[in-house]
Amino acid sequence: MEVIRSQKRTPSNDTVSNPKIPLYLTAPQMEVRLEEFELFAVDRLRVLKGVSDGLARGRNPKEMDDLVDTLWKEHMRDPDASVMFNKDIISHFVLRLVYCRSDELKKWFLSMETALFRHRFRLQNFEAQRAIVGEFGLPYKAVTGAELEGLKERLGQVVRSLGQISPTVEAVYYKVPFEEVPDLVASRRVLIQKGYAFVAGSQLVSLVVTQFRSHISKALILTNRKWTTTIQEREKDRLTPIVEALSTSYLGPDYSQSTEYAEISLKDIDQVAKSSFPLCMRHLFEKVREDHHLKHGGRMQLGLFLKGVGLKLDDALAFWRAEFTKKVGSERFDKEYAYSIRHNYGKEGKRTDYTPYACQKIILSAPGAGDHHGCPYRHFSEDNLRAALGRMGLSSRGMEGVMDQVRNKHYQLACTMTFEAVYGTSCDAGINHPNQYFEESQKILKSKTPPAPV
Amino acid sequence: MFITSEFTTARNLFPYNDIHKWLSYGHDGKHPGCDEYYFGRREFSFTLENDVYLRYKSFKSASALEHAIKSCFPYKIDIGAVYSVDPDKRHAYSQTGTNVFTPVERELVFDIDITDYDDVRYCCSGADVCSKCWPLMTVAIKVIHTSLKEDFGFKHILWVFSGRRGVHCWVCDPKARRMTNEQRSAVAEYFRVYKGNENNARKVALMGYSLHPFLARSYVDFLKGFFEGELQANQSIFSTKDKYDKILEMISYEDIQSELREKWEKSANRSSLSEEAISLVRWEQLKNTLQSKKHKAPTLRMCVEEIVFTFTYPRIDLEVSKQMNHLLKAPFCVHPKTGRVCVPIDPNNCDEFDPLAVPTLSQLIEEINSGGSKMGVDDDDDDTDSSLLGKSIKFFRSSFLGPLLKSCKEEIENSYKTKIGKSKDSFSW
């Protein structure tokens, strides 16, 4: 891709018969104007940010399809189909430069581009989808004849297990090594036999998304290498400043450095937990006080949250030690637990300063026997959740709204409604991070002027 | 608890050559296609007596491994992944910043621990295990082993007693060793059914109109029979109010709960039947009630199955399986708290396995002292060893190691031939 100064665009050599969604397999051989370099990237970034937002709000797949459709039309559309196509490709490759430069950036970009691809794919018709599968050069054959007959009964069982009362076995199934469709395997949405998964035509999206993600992931590593060895230096007066500016926009705060609002000391912690912690952290906190112990998942979720609200390392060590030594004794605490607390604060091992978990990550966690982490709106039974919300001070009417959101699997909206009920204000931005809940709560509490002395 | 001198025996009896042969996967240097550095890139970790934990240890040969173990005196030895370079030398490489030190191969592993079943076993809790609850592990092995073979097509699977209260599984096919973290995670999730902790009552939620074929097969072939037979006999899960309340809470329909609760409260003192018989009667009553009422709500459709799964379906530790760099205890170690040897379990005969009959270190020492066997089980050709440990070693070699090495050597030979074939072509004009 050649970036040139402001000039009339030379006619594109791209042929017209392109599949609707490019696969970004190779960098395009075309010339790009400098302004377009930045503008195209910004437009695509708006789309990716919209996707990120949608996922954080727990939108279901159909809602995400619609969202992506809207976002794409709003930011990436052009009356000229080939211009639109070029913009798609150029913007992707520019953002690769921007987001290849750190592990955190890579992870975000990979997730969002994959999600974008997934929903754009789902919006295509079956023929277009098959064409894209072909583009990837995937060698999978359709299962036919006697082999398909032999599998029909169990394929029907799979369909029924997914909620369809009549087992309509589709006409086309692909026999694919199970490694190629990890998400279908994980959710038991395919029949697996002797190492092969039988993927329905309607499930093709899983197949291609895995390929897509794998390809982009590898490409980002190569791009990073090129960037650090040649491009960054060569372009330091032209593209590099644009690239660097692009990555600092559009990502929400990660709460790894606590703000002025959020510094708590050990003596206030019980009171602050009651007044300002979101339900997930309140539950964990109460459990620590009650059981004098937490399993690993809970220690991570609560520990990083406390770091984000401003609990200093020494205070954190004192807090965990005071509780754990009641159960395990101080020698075991020093041996087994102190290390990982310091690790969380970046004082051991790799010395990464770990960031507190956002709602999306917490919702996706899998608490098991003896665990208390995760998102209560998702992981608690209805009775336990109601009891917990009652303890937070919600009225039965307020609770209904929240439970309604929970039933529709909108866990973050449920938490937002809880916030609104507890503090009596609206929260338009929506909760997507426990530390955000804490900060907003502290803002409100501190702005309430104390009553004048009588 | 463990005495250094006893552990000296453990270190002398540890089958270094067998472990080395296993983890070399055929790369014994006797074939031009062998990678002679393969074994040396495997991470081991030692836990020493004062809880010092040494990671990233690697060895070039069986004797190097033996020497290190006999001089460091670890009481626990873990096996990690095969890395891109010698773990010992990783610092020399990470300077280049292109992430060269990374795991490249690792067995697909599973860890099942009976403490994760504490909410459904009434005979023991915590670290204890007995003949009444061990069958939970047996049925777990059957379910997982069948699936690994039939569904995933794996062939080289080793099951090992963890020494106290659980089992480990090592899947050693080349395909398994090369799986990415994402793929491992997918398999672990495929096996996952139980999603419980004290915060939710209905810990198994089977949605849809039928079970997935894997779950259906597990239910029909193993779980149903175990639940209605051995489990009921051992645990009498309906015999007291506390016990049956727990089950009733899994029925997401208040009316049915009350109906059964009333019935059982009334019959509580009047019955002259044994605990086990009462349990069975109540189970039949529960099934009948649910059968007649299941159309009332989608959550009742498979309530019976959900109850069976809650009590019997395997509960694996997901975190152990998901990451390539996760370390797992080596087979044939001695468990420091029980003194028992971590011996292999035959998945085709796992009903016969008794964790309380596994040889302990003291028994092995006594056997040696009374002249019943020799120190050092490393004699490769010794098939006459009928000592306590000898039987396990023999099983390890004949059922697992032999077939595995045969298949590995074939693979090495084939890929070598392919490589040679390719370069032959490149010389053709």
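Residues numbered from 1 in each chain as written. Chains lettered and ligands numbered in written order. Predicted model: local features only at pLDDT ≥ 70, side-chain atom pairs only at ≥ 80, totals over all residues. Heavy atoms only, no water.

### Examining the overall build of chain B
Heads up, the condition is: Numbering of helices and strands starts at the N terminus; helices are DSSP runs of H or I of at least 4 residues and strands are runs of E of at least 2. Note on definitions: a residue-residue contact is assigned when non-hydrogen atoms from the two residues lie within 4.5 Å. Every accessible area reported is derived by Shrake-Rupley at a probe size of 1.4 Å, with residue values counting cover from the shown protein chains alone. We treat Lys and Arg as the positive residues and Asp and Glu as the negative residues; His and chain ends play no part in the count. For the purpose of locating charges, the reference atoms are NZ of Lys, CZ of Arg, CG of Asp and CD of Glu.
The helix and strand tally for chain B stands at 15 helices and 9 strands. In chain B, 69% of the contacts between residues at least 6 apart in sequence involve partners at least 24 apart. A total accessible area of about 19000 Å² is found for chain B, and carbon and sulfur atoms account for 50% of it. Between the averaged position of the 58 positive side-chain charges in chain B and that of its 61 negative side-chain charges there is a distance of 3 Å.

### So, the overall build of chain A
Applied cut-off: In this scheme, a residue with accessible area under 20% of its type's maximum is buried, one over 50% is exposed, and one in between is partly exposed, where area comes from a 1.4 Å probe on protein chains only.
In terms of regular secondary structure, chain A is built from 19 helices and 5 strands. Residues counted as buried form 49% of the 454 residues belonging to chain A. Expressed as a percentage of contacts within chain A between residues at least 6 apart in sequence, the contacts between residues at least 24 apart total 69%. Accessible area for chain A stands at about 22400 Å²; split by element, carbon and sulfur atoms hold 52% of it.

### What to know about the nonpolar core
The cut-off we apply is this: As used here, the term nonpolar core means buried Ala, Val, Leu, Ile, Met, Phe, Trp, Tyr and Cys residues forming a set that is joined through side-chain atoms within 4.5 Å.
Core analysis: the largest hydrophobic core is formed by 192 residues, its most contacted members being F117(A), W22(B), F154(B), F191(B), L286(B) and F309(B). Broken down by element, the residue count for this core peaks at 10 residues, all from helix α8 (residues 204-234) of chain A. In this view, F117(A) contacts I21(A), L23(A), I132(A), F136(A), V208(A), V209(A) and F212(A); residues no more than four positions away in its chain are not counted.

### Thoughts on a negative patch on the surface
For clarity, the threshold we go by: A patch consists of residues exposed above 30% relative accessible area that lack any salt bridge, with like charges linked at up to 9 Å and nonpolar side chains (Val, Leu, Ile, Met, Phe, Trp, Tyr) linked at up to 5 Å. Salt bridges are identified by distance alone: a Lys or Arg side-chain nitrogen within 4 Å of an Asp or Glu carboxyl oxygen.
Together, D383(A), E249(B), E254(B) and D255(B) give the surface a local cluster of negative charge. Here E254(B) shows up in helix α10 (residues 254-267). E254(B) sits in the exposed class, given a relative accessible area of 57%.

### Some remarks on the domain arrangement of chain A
Residue and element names in this part refer to chain A. Quick reminder of the rule: As annotated, the domain borders come from an automatic or database domain assignment. Whenever two N or O atoms come within 3.5 Å, that pair is a polar contact, provided that in protein one can donate a hydrogen and the other can accept it, and provided that, for residues adjacent in sequence, both atoms are side-chain atoms. Under the grouping applied here, Gly and all other residues not named as nonpolar or charged are polar, the nonpolar ones being Ala, Val, Leu, Ile, Met, Phe, Trp, Tyr, Cys and Pro and the charged ones Asp, Glu, Lys and Arg.
The domain architecture assigned to chain A consists of domain 1 (2-125 + 210-246), domain 2 (135-205) and domain 3 (266-448). Each of domain 1 and domain 3 has a C-alpha centre, and these two points are 36 Å apart. Counting residues at the interface gives 5 residues for domain 1, matched by 9 residues for domain 3. There are 0 salt bridges connecting domain 1 and domain 3. At the junction of domain 1 with domain 3, the criterion picks out 0 residue pairs in polar contact (both at pLDDT 80 or more). Grouping the constituent residues of the side of domain 1 that touches domain 3 by class yields 2 nonpolar, 1 polar and 2 charged.

### As for the interface of chain B and chain A
Convention followed: Buried area: the accessible area, evaluated with a 1.4 Å probe, that two parts lose upon being put together, summed over both parts.
Facing 36 residues of chain B, the contacting portion of chain A comprises 37 residues. Taking both sides of the interface into account, the surface hidden between chain B and chain A amounts to around 3000 Å²; carbon and sulfur atoms contribute 53%. It is N199(B), Y209(B) and H212(B) that lose the most area in chain B upon contact with chain A, and together they represent 22% of the buried surface on that side. Our count for the chain B to chain A interface comes out at 3 salt bridges. With its nearest N and O atoms 2.9 Å apart, the salt bridge here joins D51(B) to K335(A). Here chain B and chain A share 12 residue pairs in polar contact (both at pLDDT 80 or more) between them. Those elements that provide at least two residues to the side of chain B that touches chain A are α5 (135-150), α7 (181-190) and α8 (213-235) of chain B. Broken down by element, the side of chain B that touches chain A gets its largest block of residues, 6 residues, from α7(B). Grouping the amino acids of the side of chain B that touches chain A by side-chain chemistry returns 16 nonpolar, 10 polar and 10 charged.

### Focus on the packing of aromatic side chains
Centre distance and the angle of the planes are the two values used to describe a pair of aromatic rings. For the record, the criterion: Any pair of Phe, Tyr and Trp rings, taking the six-membered ring for Trp, is counted once the centres come within 6.5 Å. Such a pair is stacked with planes under 30 degrees apart, edge-to-face with planes over 60 apart, and tilted for the rest. Geometrically, a charge over a ring is one whose NZ (Lys) or CZ (Arg) sits within 6 Å of the ring centre while staying within 35 degrees of the ring normal.
A complete count under the given rule lists 53 aromatic pairs over all chains for this structure. Centroid distance W22(B) to W170(B): 5.3 Å. Interplanar angle 85°. Geometry classified as edge-to-face. Here W22(B), found in helix α2 (residues 16-24), pairs with W170(B), found in strand β7 (residues 166-171); they are 148 residues apart in sequence, far enough to count as distant. Judged by its relative accessible area of 0%, W170(B) falls in the buried class. Clustering of aromatic rings is evident, with ring pairs tying together F178(A), F110(B), F152(B), F154(B), Y190(B), F191(B), F214(B), Y219(B), F309(B) and Y313(B). Seen from the ring of W72(A), R120(A) lies directly overhead, with NZ or CZ sitting 3.8 Å from the centre.

### Some remarks on unusual backbone geometry
Residue and element names in this part refer to chain A. In this structure, K194 takes a positive phi of about 45° despite not being glycine. Tracing the chain through its elements places K194 in the loop between β4 (191-193) and β5 (196-200). What makes K194 partly exposed here is its relative accessible area of 47%.

### Some details on the state of the cysteines
Where we set the bar: We call a pair of cysteine sulfur atoms a disulfide whenever their separation is within 2.5 Å.
Here the structure, examined in full by the defined rule, presents 0 disulfides over all chains. The cysteine C280(A) is free of any disulfide, with C415(A) supplying the nearest cysteine sulfur at 6.5 Å. Distance from the sulfur of C133(B), which forms no disulfide, to the nearest cysteine sulfur (C123(B)) is 3.6 Å.

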